[in-house]
Each structure stands twice: as C-alpha cells, then as structure tokens.
Amino acid sequence: MRRGWKMALSGGLRCCRRVLSWVPVLVIVLVVLWSYYAYVFELCLVIYLILYHAIFVFFAWTYWKSIFTLPQQPNQKFHLSYTDKERYENEERPEVQKQMLVDMAKKLPVYTRTGSGAVRFCDRCHLIKPDRCHHCSVCAMCVLKMDHHCPWVNNCIGFSNYKFFLQFLAYSVLYCLYIATTVFSYFIKYWRGELPSVRSKFHVLFLLFVACMFFVSLVILFGYHCWLVSRNKTTLEAFCTPVFTSGPEKNGFNLGFIKNIQQVFGDNKKLWLIPIGSSPGDGHSFPMRSMNESQNPLLANEEPWEDNEDDNQDYPEGSSSLAVETET
C-alpha cells in the first residue's frame, strides 16, 4: 500500500513538472502576442507593417521549430546488446567493466573520453556516448551534440535543432530592435504629451521597455553563441574541455571559421536564413582538427585561437541568461 502511494506521488510530481516546464514558453508566447496586438491594432503603424510581419513570421517560425524539433538520440548501434548489458551489469570488477567498454568502443567512431580517459558510457540509457553526446537530466535521454537544455523553448538544444535555435535568437534580436526603433518616435510624442489616447501611451511605453529589455539580454546570448559557432564548440564544451584519446584539446573540433559555420548551417548558403534542416552529418561523428591536419599539413602550422583558461581546468555546469545547462 505504501509503495503504491509513493508511485502515485512520484507520477503526480512528474506530471506537475511537465506542466510547469511550459510556463516559460507560455510567458514568451503571451508577451509576443501582446506586442503583436499593441503594434498592429493599437498603434497601427501602417508604413512599418509589411517589414514587421516578415520579421514576425520568421521569428514565430524559428521559435516553433526550436520548441517542437525533437532532440536526436544515438542510434541502436551505440546501445549495448542484451548479452553485453547482462555481462556488464553482472561484472563486479570496475577494471573489467572498463575494459569491456573499451572493446565495444573499438567498433564505433568514438574518439572522446572521460576526464580519467575511460570510454564515455551512460548508465541510464545503457549506451556508449557518441562524440559530443551528453545525457540531459531534464529530458531523461542522451542527446546528440547536446548544447544545453533551454527552459524558454522547453526543449533540449542539440544537433537536430541548434540551427533553429540560433535563427530564433537572431530573429528575436531583429524583432526587438525593429519594434524599439519604430516605436521610439511615438515615445518622443508621449514624452512631449502629444499622444492624446491613454491606451496608446500605455502601449508605447511598455512596447519600448519590453523590446529594449529583451534586446539587451538576447543580443548578449546571441553574441555568445556566435562565438561558440565560430570555434565549433557547444556550451558544454566551452565550460569543460573535451578529452580525446590523445588527451584534452579545447580546439579539437575547430576546423576554421568558414567550415565551423558550415558545420551548423550546411554548405548551401541559400538555406542559412531559413529554418530548414541543413546541418551536415548524422550527429554521431564529427570532423576533427587533428584529422584535418593529418590530411593537410599546412593546418598544423596554423596558430589556434587562444583562450585564457588552462586546457586541463574543469568547469562547473553553467547557465546563460536564457539557458540552463543540465547535462550529467
């Protein structure tokens, strides 16, 4: 009886957690809908509406894609077979378990390791983690090329939707900037007392305030992710240097500025601004700087960009203004 109550309570808490996880998304949606109503119906800035709606459509489209594009999980070949799983769980000696994972990983394109040099294994999903894959404690699954879990889209940002998330940030910045610049002249009229309508005064004041507030936070976050893309890093890799079979390497996936951008947006530049999936590869393996240098010795003489932190320094999980890291 007591066990049944505990299970029911646990199920109820999980249900409440799922419902509450949509609160940040609901807040953003309500703010956006209000801004649309105030801008289009209250102020009715006719000469600005065409460009406004073009920006709004791309903003809403990329936000939708960021929310509802499911995180991609490792395919079946990275999961332990039933026999291997039984052997691994029944083995009590850690050193033997470690060697078992090493033998299994030899058949897979896996080149990153834990800080101690062991094969990266998820004991919750029972799989060998592909390079750049991490377990999200919120989504309760391993996510390919995980960047972070974002509460503002209630989704895990990774290989399948990182392009959409970047586009969402870009169009959000543009949306806020456009509203702020076009409403500013009406704010001057409000300041001079030239707006007779009380409702217009309210909408002008709060449109400008909300647009500027979100613009500042979004431009910082967007700038940070642009820096990450330029170095072909994820948020998790920026906080904790990836370890390869040869040791820690903070620029292990850095292929050069143009190729780094193509790793997210693809080779077809016509699709860079459109929220359509174009990232190359399948998310299970990625080109590495060491391989590029072996294929092109000229790259070996290229000076990498330097960071201030030490290569072997470990970083705690961090969070940005609009994103929370939840990898384990």
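Rules behind the numbers
- Residues numbered from 1 in each chain as written.
- Predicted model: local features only at pLDDT ≥ 70, side-chain atom pairs only at ≥ 80, totals over all residues.
- Heavy atoms only, no water.
- Helix = DSSP H or I, 4+ residues; strand = E, 2+ residues; numbered from the N terminus.
- Buried < 20%, exposed > 50% of the residue type's maximum accessible area, 1.4 Å probe, protein only.
- UniProt positions renumbered as here; feature names shortened; annotations may be inferred.
- Axes fitted to C-alpha atoms, helices over the stretch in contact; angles between N-to-C directions.
- Parallel < 35°, antiparallel > 145°, perpendicular 65-115°, else oblique.
- Contact = heavy atoms within 4.5 Å.
- Nonpolar A, V, L, I, M, F, W, Y, C, P; charged D, E, K, R; others polar.
- Polar contact = N/O pair within 3.5 Å; in protein donor to acceptor, adjacent residues only side chain to side chain.
- Salt bridge = Lys/Arg side-chain N within 4 Å of Asp/Glu carboxyl O.
- Core = buried A, V, L, I, M, F, W, Y, C linked by side-chain atoms within 4.5 Å.
- Pairing = 2+ DSSP bridges.

Draft legend 1. Spotlight on unusual backbone geometry. Despite not being glycine, Ala140 has its phi angle at roughly 60°, a positive value. Within the fold, Ala140 resides in the loop between β4 (134-136) and β5 (141-143). Overall, the relative accessible area of 54% leaves Ala140 in the exposed class. Backbone geometry at Asn232 places phi at a positive 55°, although glycine is not the residue there. In this structure, Asn232 sits in the loop between α7 (198-230) and α8 (235-239). Here Asn232 falls in the buried class, since its relative accessible area comes to 4%.

Draft legend 2. How the structure looks around the UniProt feature "transmembrane region" (unreviewed entry) in the protein chain. Within the UniProt annotation, "transmembrane region" (unreviewed entry) is assigned to residues 20-39, 45-64, 168-190 and 202-224. Structurally, residues 20-39 comprises 90% helix and 0% strand, and the distance from its first C-alpha atom to its last is 29 Å. Secondary structure across residues 168-190 divides into 100% helix and 0% strand, with the first and last C-alpha atoms of the span separated by 31 Å.

Draft legend 3. Structural detail: the packing of helix α2 (residues 23-43) against helix α3 (residues 49-68). The contact between α2 and α3 brings their axes to 12 Å, and the two run at 170°. Here α2 is positioned roughly antiparallel relative to α3, judged by the angle of their axes. The residues of α3 that touch α2, namely those facing Val25, Ile28, Val29, Val32, Ser35, Tyr36, Tyr39 and Val40, are Leu49, Tyr52, His53, Phe56, Phe59, Tyr63 and Ile67. Counted by class, the contact of α2 with α3 contains 13 nonpolar, 2 polar and no charged residues.

Draft legend 4. Examining the side chain of Gln97 more closely. Inspection of the secondary structure puts Gln97 in helix α5 (residues 94-105). Judged by its relative accessible area of 18%, Gln97 is buried. At 3.0 Å, the side chain of Gln97 and the backbone oxygen of Glu91 are in polar contact. For Gln97, the contacting residues outside a window of four places in its chain are Tyr88 and Glu91.

Draft legend 5. Fine view of the pattern of salt bridges. Following the criterion strictly, the structure yields 4 salt bridges and no others. Here Asp84 makes a salt bridge to Arg87, at a shortest N to O gap of 3.2 Å. Here Arg87 and Asp84 lie together in helix α4 (residues 82-90), a separation of 3 residues that amounts to about one turn. Residue class for Asp84 comes out partly exposed when judged on its relative accessible area of 22%.

Draft legend 6. Highlighting the nonpolar core. One finds Tyr39, Tyr52, Tyr162, Ile179 and Val183 to be the most contacted residues of the largest nonpolar core, which totals 43 residues. Only α2, α3, α6 (162-191), α7 and α9 (257-265) provide two or more residues apiece to this core. It is α6 that contributes the most residues to this core, 14 residues altogether. Grouped together as the second largest cluster of nonpolar side chains are 12 residues, Met104, Leu108, Val119 and Ile128 included.

Draft legend 7. Structural view of the environment of Phe244. Tracing the backbone through its elements, the reader meets Phe244 in strand β8 (residues 243-244). Residues Phe244 and Thr114 lie 130 residues apart in sequence; the distance between their C-alpha atoms is 8.3 Å. Here Phe244 is in contact with Tyr111, Thr112, Arg113, Glu249, Gly252, Phe253 and Met288, once residues within four sequence places are set aside.

Draft legend 8. Quick peek at the sheet that holds β8. Sheet architecture is open: 3 strands sit in the order β1-β8-β9, paired in antiparallel fashion. Looking at which strands have only one partner, the edges of the open sheet turn out to be β1 (112-113) and β9 (247-248).

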